[in-house]
Amino acid sequence: MKRRVFIKGSVLGTVASVITGSVQAKMPTPAEVEGPFYPITPQKDQDADLTRVAGKNGVAQGEIIEVSGQVFDTDLNPVEGVTIDLWQANTFGKYHHPHDTSSAPVDENFQAWAIIQSGSQGRFKFKTVVPGAYPLGSNQQRTPHIHFKIGKNGYVPLLTQMYFPNHPLNKQDGLFKRKSAEEQARMTAKVAGNGNQYQYDIIIEKL
Ligand SMILES: [Fe+2]
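One numbering rule holds for all chains: residues counted from 1, following each sequence as written. Only residues with pLDDT of at least 70 are given local features in this predicted model, and only at 80 or more are side-chain atom pairs given and counted; all residues enter the totals for whole chains, interfaces and linings. With hydrogens and water set aside, each side-chain value is computed from the structure's full complement of heavy atoms.

The protein chain has the name Protocatechuate 3,4-dioxygenase in an unreviewed UniProt entry, where Thalassomonas viridans is given as its organism. UniProt positions are given in the numbering used here, feature names are shortened, and annotations may be inferred rather than shown by experiment. The annotation that UniProt attaches to the protein chain under Sequence similarities (unreviewed entry) is "Belongs to the intradiol ring-cleavage dioxygenase family."

With that settled, consider the sheet that holds strand β2 (residues 83–87). Judged by pairing direction, the sheet is antiparallel, and its four strands sit side by side in the order β3-β2-β7-β8 without closing on themselves. Sheet topology places β3 (113–117) and β8 (158–163) at the edges, where each strand pairs with a single neighbour. On average, each strand axis in the sheet is tilted by 25° relative to the strand beside it, whichever way the strands run. The rule for pairing is simple: two strands pair if DSSP sees at least two bridges between them. Under the DSSP-based scheme used, a helix requires at least four consecutive residues in state H or I and a strand at least two consecutive residues in state E, with every element numbered from the N terminus. Convention adopted: a line fitted to C-alpha atoms gives each axis, helices being fitted over their contacting stretch, and angles between N-to-C directions are expressed from 0 to 180 degrees.

Below, the discussion takes up the pairing of β2. In terms of residue burial, β2 counts as a mostly covered element, since four of its five residues are buried. Here β2 runs beside β3; their pairing, made up of five bridges, is antiparallel. Bridge pairing links I84 to I116 in β3. In terms of strand pairing, β2 meets strand β7 (residues 145–151) through five bridges, oriented antiparallel. Bridging from a neighbouring strand, T83 pairs with G151 of β7. Buried, partly exposed and exposed residues are distinguished by accessible area as a fraction of the type maximum, computed with a 1.4 Å probe on protein chains only: under 20%, between the cut-offs, and over 50%, respectively.

Shown next as structure tokens:
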């Protein structure tokens, strides 16, 4: 009897160590709604520097930041050639979109929209400004965020929003609050290097 208990126990122990010792697959980055302001006005300049618009001499207003990261699959293999389509409000919380009727100003030197690709080791990088918060209805504000549409053939398309760490408005944001603390952590960039650099890794799932 004792021996049987021992064998049973050791078999269970082996199974447990196989599970904990295996490659830690990760969950894909949590999805979020597209929102009403995906760009609809054709735009020639969609490069990775949103702080300048081709053909204009000025620089976007606001706090300039650099966001870099890597795209992985759920087994944590880097994924190259992923299309990263991103758009955001300018520093004043205004989308360059005909349906954004707020009185906040458009910044003609802010590119507002970029379509870039992940390169070697799934890496990507873009330069932008911290998006402003913007009103939602009469008594709510959206906390600063960047919208992403991420896709590659053979992978589940991902629509999400990136948040900024410890922003005071995060706690009051309706969409952010709906996520679990663990999901919030995976949707929030990390401060990297000096305060103007952020790291944001993205995990997508194979079809
Ligand atoms: Fe938004």
